[in-house]
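# Results of the structural survey
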Amino acid sequence: MADEASIDPAEVTGEGVRRRDFINIAAVSFAGVGGLAVLYPLVSQMSASADVLAESSTEIDVSAIAPGQAIKAVFRKQPVFVRNLTPTEISEADKVDAASLRDPQTLDERTKEGKKNWLITMGVCTHLGCVPLGAGEGEVKGEFGGYFCPCHGSVYDTAARIRKGPAPKNLEVPPYEFTSDTVVKIG
Amino acid sequence: MSFPWANEYKPGHPLMQWLDEKLPLPRFVYNAVGAGYPVPRNLNYMWNFGVLAGFCLMLQIVTGVILAMHYAANAGVAFDSVEHIMRDVNWGWMLRYAHANGASAFFVVVYIHIFRGFFYSSYKAPREMIWLLGVVIFLLMMATAFMGYVLPWGQMSFWGAKVITGLFSAIPLIGDPLQQWLLGGFAPDNAALNRFFSLHFLLPFVIAGVIILHIWALHIPGSSNPTGIEVKQESDTVPFHPYYTAKDGFGLGIFLILYCAVLFFAPNMLGHPDNYIAANPLSTPAHIVPEWYFWPFYAILRAFTADFFFIPAKLMGVLAMFSAILVWFFLPWLDTSPVRSGHYRPLFRKFFWILLVDVIVLGYCGGSPAETKYVLISQIAATYYFLHFLVILPLVSSIEKPEPLPFSITEAVLGKDEGAVLNATPAAA
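Note that the structure is predicted; figures quoted are calculated from it, not measured.

### Considerations on the overall build of chain A
Across its full length, chain A holds five helices and nine strands. Counting helices and strands in the order they occur from the N terminus, chain A gives α-α-α-β-β-β-α-α-β-β-β-β-β-β. Taken over C-alpha atoms, the radius of gyration comes to 29 Å for chain A, far larger than the 16 Å a tight globule of 187 residues would show. The buried share of chain A, reckoned over its 187 residues, is 39%. Long-range contacts, defined as pairs at least 24 residues apart, comprise 52% of the intrachain contacts of chain A with a sequence gap of at least 6. Total accessible area on chain A is roughly 10,300 Å²; 58% of this is exposed by carbon and sulfur atoms. Averaged over its 19 positive side-chain charges, chain A has a centre that lies 6 Å from the centre of its 25 negative ones.

Okay, here's the thing in structure tokens:
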């Protein structure tokens, strides 16, 4: 306690702002900001680490994939479907009125110009992340001829667009480019 | 709190007197689960399941801590380390089967405990806080069980992790970053496996902490009982020890017989063969289902196949699944009938059994493939589930005419209660 002379009458009666209030607020605020600052690394450590994020681009030779066939490649530890569409599959996809779809997109928007037969999508169902069937030899393609997810019954068409079931979006098209006529670089 | 007629702890031996002055732990135990805790005399076997749940948690912690001594939480070796436990570690097979089936036993016991609460309206005032804490424990149990199932790093482990964390991706805007944050990557891998192991080790102790709060809250009003009427006098109660320690001991014996029968004769009955295949990120098992104790909620998740106004089907399914448990938090205020026990509520009683059947139907659908007929049945059953809590319960509470209640627990047990007239002399037991 300070000596008698310096005591503010307001401090004695408990009314008004005391000088000590400033110290209280300043100290608690500083501790609070410090606490939040400590929290940040504790939360951030959960995010993908640098080695996981390191861009792992994948190069694929597609020359061996005949029309009607597809392969599964790996990009960011997840499957990618590279599919060589047949002319029938392309025309089936084009016949559909895109505006009527849940996630409206045309096949042209989902493929590269002049490479309309190469449908390259993530093999990750947009519902809860299962790998849909249809890329492997002899797998069920579902009633729209594209992919079928066995987990919760989502059905994709020949442009890998969602047509039926709980998935909200079309299969994601990853960033990719053709580095030559037969080699595609994903990522 | 206890009743005024509770026995008082009297340390006999000088050592116990000394201990009672320094740290009255024996006094605490005596008043909590000993002769110093008066409990309604009419508790039936449905009241065994709290103690059984506590036993299951202890079982899981003991077997779990031991398994952690042999398990390696690394995506490269996790699957092999589990096989190492099964084949090479002395008694490893027994400890792992005890832990895996212990989880199922824990859920069986807790589901019975919860439905006991539904039937006898154990959630009603003054016991709301016990109920709310119980729902918190159940949510923690689900999180713990899910993360534990990921650890063997088999096919079901991997795809379960992917699908369940995928639930969070349904949240608008922040969904995808949130899922990546939870997994520490784009798909379940080492980062996810390690954090799941860390949390799977931590959460049971959090559960133990909430259980202490649960029991603390229980000891304030004391246990409910099958009549649902409150304790009025000494003749309504008996001391916890030896009466209920004996009754719980008998129940524990029955439980252990059934548990050991599964553990030693059908240890894989409740598991999935797919989980004996090492995790493969490129191939989803044809029929992916969670463990049986998640089936009713999984069926509700899958019941939403079409967009609901502006809410996408995927988000709607996730919201419905979480709501199916969150609705329990509101139960004390949805059921407004002043009568607790289903024994005296003719209409409520019928709807209780319908709800039980409904949840079993949901469970059956949740464990079946995502075929049209099961989805359709799930949709009907999920609708009824929410109708029960949000419409039927409040409605029944307001229109039902309950049957007459006995004067006291003593009267319910003995057919007459001298205390009803004199309210002083305890009836002879």
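### Describing the sheet that holds strand β1 (residues 58-61) of chain A
All names here are of chain A. Across the sheet, three strands lie side by side as β1-β9-β8; this open sheet has antiparallel pairing. The outermost strands of the open sheet, each flanked by one partner alone, are β1 and β8 (176-178). In this sheet, adjacent strand axes meet at a mean angle of 20 degrees when their direction is disregarded. Relative to strand β9 (residues 183-186), β1 runs antiparallel, the two being bridged by four bridges. Its bridge partner lying in β9, E59 is registered against K185.

### Quick word on the interface of chain B and chain A
With 29 residues of chain B in contact, the opposing surface of chain A contributes 29 residues. Here chain B packs against chain A, burying approximately 2,400 Å² in sum over the two surfaces, 64% of which is carbon and sulfur. Linking chain B with chain A are one salt bridge, by the criterion used here. In this structure, D189 of chain B engages K77 of chain A in a salt bridge whose closest nitrogen and oxygen atoms are separated by 2.7 Å. Joining chain B to chain A, the criterion identifies eight residue pairs in polar contact (both at pLDDT 80 or more). Taken together, the elements giving at least two residues each to the side of chain B that touches chain A come down to α7 (155-168), α8 (175-183), α11 (295-302) and α12 (313-326) of chain B. Residue contributions to the side of chain B that touches chain A peak at five residues, all from α7 of chain B.

### Here we look at unusual backbone geometry
All names here are of chain B. Following A125, the chain continues into P126 via a peptide bond in cis, with omega recorded as 5 degrees. Mapping P126 onto the fold places it in the loop between α5 (92-119) and α6 (128-150). Residue P242 is reached from H241 by a cis peptide bond, and omega for that bond is 10 degrees. Within the element layout of this structure, P242 appears in helix α10 (residues 240-265).

### Describing the nonpolar core
By size, the foremost hydrophobic cluster in this structure holds 131 residues, and its most contacted members are F118, W131, F138, F297, W328, Y385 and F389 of chain B. In terms of residue count, the dominant contributor to this core is α6 of chain B (15 residues). When neighbours within four sequence positions are excluded, F389 of chain B is seen to be in contact with F118, V327, W328, L331, L334, L355 and P394 of chain B. Within the second largest apolar cluster, 15 residues are counted, among which are V62, I120, Y176 and V184 of chain A.

### A word on the packing of α11 of chain B against helix α14 (residues 346-366) of chain B
To characterise two packed helices, one gives the angle between the axes of the helices and the distance between these axes. Residue and element names in this part refer to chain B. α14 packs onto α11 with a crossing angle of 70 degrees between their chain directions and a minimal axis gap of 7 Å. Taken as axis vectors, α11 and α14 run roughly perpendicular relative to one another. The residues of α14 that touch α11, namely those facing W295, P296, Y298, A299, I300 and R302, are V359, L362, G363, C365 and G366. Grouping the amino acids of the contact of α11 with α14 by side-chain chemistry returns eight nonpolar, two polar and one charged.

### Thoughts on the side chain of Q60 of chain B
By the secondary structure assignment, Q60 of chain B is in helix α3 (residues 49-68). Those residues in contact with Q60 of chain B, other than ones at most four positions away along the chain, are A98, H99, G102, A103 and F106 of chain B.

### Some points on the confidence of the model for chain B
Per-chain confidence: chain B averages 93 in pLDDT, with 97% of residues scoring 70 or above. Here the complex is predicted with pTM 0.88, and the ipTM for its interfaces comes to 0.72.

### Here's the deal with the state of the cysteines
One pass over the full model with this rule turns up one disulfide over all chains. With no disulfide of its own, C149 of chain A lies closest to C125 of chain A among cysteine sulfurs, the gap being 3.8 Å. Take C149 of chain A: its relative accessible area is 2%, and that puts it in the buried class. You can see C365 of chain B has no disulfide; the closest cysteine sulfur is in C151 of chain A, sitting 17 Å from it.

### Brief notes about the confidence of the model for chain A
Note: predicted coordinates in regions of low pLDDT should not be interpreted at a detailed level. Of the residues in chain A, 91% have a pLDDT of 70 or more, and the chain-wide mean is 86. Across chain A, strand β4 (residues 118-122) of chain A holds the top mean pLDDT of 93, while helix α1 (residues 9-13) of chain A sits lowest at 57.

### Remarks on the environment of F79 of chain B
Residue and element names in this part refer to chain B. Structurally, F79 is set in helix α4 (residues 78-87). Relative accessible area serves as the criterion here: at 16%, F79 is assigned to the buried category. Once the C-alpha coordinates of F79 and G342 are considered, the two residues, 263 residues apart in sequence, prove to be 48 Å apart. Among all residues touching F79, those that are not within four sequence positions of it are P152, W153, G154, N275, Y276, I277 and A278.

### Focus: the pairing of strand β3 (residues 78-84) of chain A
On a regular strand, one side chain projects to one face of the sheet and the next to the other, so that they alternate. All names here are of chain A. Among the seven residues that make up β3, seven are buried, leaving the element largely enclosed by the rest of the structure. Taken together, the six bridges between strand β2 (residues 70-75) and β3 define a ladder with antiparallel strand orientation. By the bridge assignment for β3, F75 is matched with Q78. Between β2 and β3, which follow one another and run antiparallel, lie two residues, and R76 among them has a positive phi close to 55 degrees. Note: β3 against β4, five bridges, orientation antiparallel. Directly across from F81, in β4, lies its bridge partner T121.

### Regarding α8 of chain B
Residue and element names in this part refer to chain B. Restricting attention to buried positions, one finds in α8 the residues G175, Q179 and L183. All buried residues of α8 project into a common sector of 65 degrees when viewed along the axis, lining one side. Just downstream of α8, G184 is the residue with a positive phi angle, here 70 degrees.

### Quick word on the domain arrangement of chain B
Reports often express the size of an interface as the amount of accessible area lost when the parts come together. Residues and elements named next belong to chain B. Per the domain assignment, the segments making up chain B are domain 1 (1-36) and domain 2 (37-428). The centre of domain 1, based on its C-alpha atoms, is set 34 Å off from the matching centre of domain 2. At the interface, 13 residues of domain 1 touch 14 residues of domain 2. Linking domain 1 with domain 2 are zero salt bridges. One can count five residue pairs in polar contact (both at pLDDT 80 or more) joining domain 1 with domain 2.

Procedures and definitions
Residues numbered from 1 in each chain as written. Chains lettered and ligands numbered in written order. Predicted model: local features only at pLDDT ≥ 70, side-chain atom pairs only at ≥ 80, totals over all residues. Heavy atoms only, no water. Helix = DSSP H or I, 4+ residues; strand = E, 2+ residues; numbered from the N terminus. Rg over C-alpha atoms; globule rule 2.2 N^0.38 Å. Buried < 20%, exposed > 50% of the residue type's maximum accessible area, 1.4 Å probe, protein only. Contact = heavy atoms within 4.5 Å. Areas by Shrake-Rupley, 256 points an atom, 1.4 Å probe, with all protein chains shown as cover. Lys, Arg positive; Asp, Glu negative; His and termini not counted. Charge placed at Lys NZ, Arg CZ, Asp CG, Glu CD. Pairing = 2+ DSSP bridges. Axes fitted to C-alpha atoms, helices over the stretch in contact; angles between N-to-C directions. Buried area = accessible area lost by both parts, 1.4 Å probe. Salt bridge = Lys/Arg side-chain N within 4 Å of Asp/Glu carboxyl O. Polar contact = N/O pair within 3.5 Å; in protein donor to acceptor, adjacent residues only side chain to side chain. Core = buried A, V, L, I, M, F, W, Y, C linked by side-chain atoms within 4.5 Å. Parallel < 35°, antiparallel > 145°, perpendicular 65-115°, else oblique. Nonpolar A, V, L, I, M, F, W, Y, C, P; charged D, E, K, R; others polar. pLDDT = per-residue confidence, 0-100. Disulfide = S-S within 2.5 Å. Arc of directions from axis to C-beta. Domains from an automatic or database assignment.

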